[in-house]
Amino acid sequence: ILLPNGVNTSFFCPAPSAQADIDNDKRTVLCVSRLANEPKRLTDLVQAMVFLDSQWSLQLVGDGPDRDMLEDLARDLHVQHRVTFSGFVRDRKILREFYRNSSVFALCTSFEVVSLSVLEAMSCGCPVVVTDMRGFDALVAHHANGIKVRVGKPEELARGIREAYRLRRDLGRAARASVLAGFSDSTTYASLASTMRECLGAQGVSSS
């Protein structure tokens, strides 16, 4: 039985001023991830910046073995002035502000089960772009509560980011509603408790 991650929807929630903020002109793509190119394919995200105009910037939150390589790639592509490496963030309040202040959240991984960072972003009402793979099927429906793109296609990823930004109001609201309905920590913990009781019952063990 696969039980997905749960997110604290009371904490990871849209900012009170979210409606006003959503109308400004900033275009920031956020990715919260370990900086390991396999399987995260963060090179695709850096390459996508080439296909996005100068209004767009990329913020990578996290650390890992491929940070130097990604910094070199950004320089080689002449987009280093639009890519910020923020390092690992331990403070959850700071992390929440990253989600709240980004225009689009993107994760272009080639393998994932249910990403906690995607759940947190959606819970904050941020429109998301993810790769079209089974790990996201239960969470993201294309053009309903997010955008899906093929793995390994930086130009398509850039188009998906622009589309998510265009539809950001509707996608953000739908993303938040999806998490509330099926991925809140209270829902997933209740499912875990129920599953454990069923397993104990099958073994003839009292769950009390």
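No experiment lies behind these values; they were computed from the predicted model shown.

**Q** Provide a residue-level description of the overall build of the chain, including the pertinent values.
**A** When helices and strands are counted, the chain shows nine helices and six strands. Burial analysis of the chain (208 residues in total) assigns 47% to the buried set.

**Q** Give a detailed account of the pattern of salt bridges, specifying residues and quantitative values.
**A** By the definition in use, this model includes 10 salt bridges. Where Asp72 meets Arg75, a salt bridge forms, and the shortest distance between an N and an O atom there is 2.2 Å. Taken as a pair, Asp72 and Arg75 lie in helix 4 (residues 67-76) at a separation of three residues, close to a single helical turn. Judged by relative accessible area, Asp72 falls into the partly exposed class, the value being 38%. The salt bridge involving Asp170 is made with Arg173; its shortest N-O contact spans 2.8 Å. Taken together, the positions of Asp170 and Arg173, both in helix 8 (residues 168-182) and three residues apart, correspond to about one turn of that helix. One network of salt bridges, in which partners are shared, links Arg96, Glu97 and Arg100.

**Q** Can you tell me about the sheet that holds strand 3 (residues 83-87), naming the residues and giving the values?
**A** As summarised here, the arrangement of the six strands in space is 3-2-1-4-5-6, forming an open sheet in which the pairing is parallel. The open sheet terminates on both sides in strands that have one partner only, identified here as strand 3 and strand 6 (147-149). Each neighbouring strand pair of the sheet contributes to a mean axis angle of 25°, computed without reference to strand direction. As judged from the three bridges shared by strand 4 (residues 104-107) and strand 5 (residues 128-131), these two strands associate in the parallel manner. Its bridge partner lying in strand 5, Phe105 is registered against Val128.

**Q** Before we move on, could you go through the state of the cysteines and cite the residues and values that matter?
**A** In a disulfide, the sulfur atoms of two cysteines are covalently bonded to one another. Counted under the stated rule, the structure contains zero disulfides. Counting only cysteine sulfurs, Cys108 is the nearest neighbor of Cys31, a cysteine outside any disulfide, at a range of 6.4 Å.

**Q** Explain the packing of aromatic side chains to me, and be specific about the residues and the numbers.
**A** One pass over the full model with this rule turns up four aromatic pairs. Ring centres of Phe12 and Tyr99 lie 5.9 Å apart, and the angle between their planes is 75°; on these two criteria the pair is classed as edge-to-face. Taken together, the residues span a long stretch of sequence, with Phe12 in the segment before helix 1 (18-21) and Tyr99 in helix 5 (residues 92-101) at a distance of 87 residues. Judged by its relative accessible area of 1%, Tyr99 is buried. Arranged with centres 5.4 Å apart and planes meeting at 75°, the rings of Trp56 and Tyr165 form a pair that is edge-to-face.

**Q** Please set out the packing of helix 6 (residues 116-123) against helix 8 residue by residue, giving values where relevant.
**A** Relative orientation of the contacting elements helix 6 and helix 8 amounts to 115°, with a least axis distance of 7 Å. Across the interface between the two elements, Leu119, Met122 and Ser123 from helix 6 touch Ala175, Arg176, Ser178 and Val179 from helix 8. In terms of residue class, the contact of helix 6 with helix 8 is made up of four nonpolar, two polar and one charged.

**Q** Could you give me a rundown of the nonpolar core, with the residues and numbers involved?
**A** Core analysis: the largest hydrophobic core is formed by 59 residues, its most contacted members being Leu45, Leu60, Tyr99, Phe105, Val118, Val129 and Ile161. Top element by residues in this core is helix 7 (residues 154-166). It accounts for five residues.

**Q** If you had to explain the side chain of Arg82 to someone new, which residues and values would you point to?
**A** With respect to the element layout, Arg82 can be found in the loop between helix 4 and strand 3. Buried charge without a partner: Arg82 forms no salt bridge, and the closest opposite charge is Asp53, 6.1 Å away. Setting aside its immediate chain neighbours within four residues, Arg82 contacts Met49, Leu52, Asp53, Ser54, Trp56, Ser57 and Leu58.

**Q** Lay out helix 7 in plain terms, naming residues and giving numbers.
**A** Between the first and last C-alpha of helix 7 there are 18 Å, a value that for 13 residues agrees with the 18 Å anticipated at 1.5 Å per step. Buried within helix 7 are the following residues: Pro154, Glu156, Leu157, Ala158, Gly160, Ile161, Ala164 and Tyr165.

**Q** For the pairing of strand 4, give the residues involved together with the corresponding values.
**A** Residues Val104 and Ala106 of strand 4 are buried on one face, and the alternating residues Phe105 and Leu107, pointing to the opposite face, are buried as well. In terms of strand pairing, strand 1 (residues 27-32) meets strand 4 through two bridges, oriented parallel. Counted as the bridge partner of Val29 is Val104 from strand 4. For the handedness criterion, the β-α-β arrangement of strand 4, helix 6 and strand 5 is classed as right-handed.

Criteria and cut-off values
- Residues numbered from 1 in each chain as written.
- Predicted model: local features only at pLDDT ≥ 70, side-chain atom pairs only at ≥ 80, totals over all residues.
- Heavy atoms only, no water.
- Helix = DSSP H or I, 4+ residues; strand = E, 2+ residues; numbered from the N terminus.
- Buried < 20%, exposed > 50% of the residue type's maximum accessible area, 1.4 Å probe, protein only.
- Salt bridge = Lys/Arg side-chain N within 4 Å of Asp/Glu carboxyl O.
- Pairing = 2+ DSSP bridges.
- Axes fitted to C-alpha atoms, helices over the stretch in contact; angles between N-to-C directions.
- Disulfide = S-S within 2.5 Å.
- Phe/Tyr/Trp six-rings, centres within 6.5 Å; stacked < 30°, edge-to-face > 60°.
- Contact = heavy atoms within 4.5 Å.
- Nonpolar A, V, L, I, M, F, W, Y, C, P; charged D, E, K, R; others polar.
- Core = buried A, V, L, I, M, F, W, Y, C linked by side-chain atoms within 4.5 Å.
- Lys, Arg positive; Asp, Glu negative; His and termini not counted.
- Expected span 1.5 Å × (residues − 1).
- Right-handed = clockwise from strand over helix to strand, strands pointing away.

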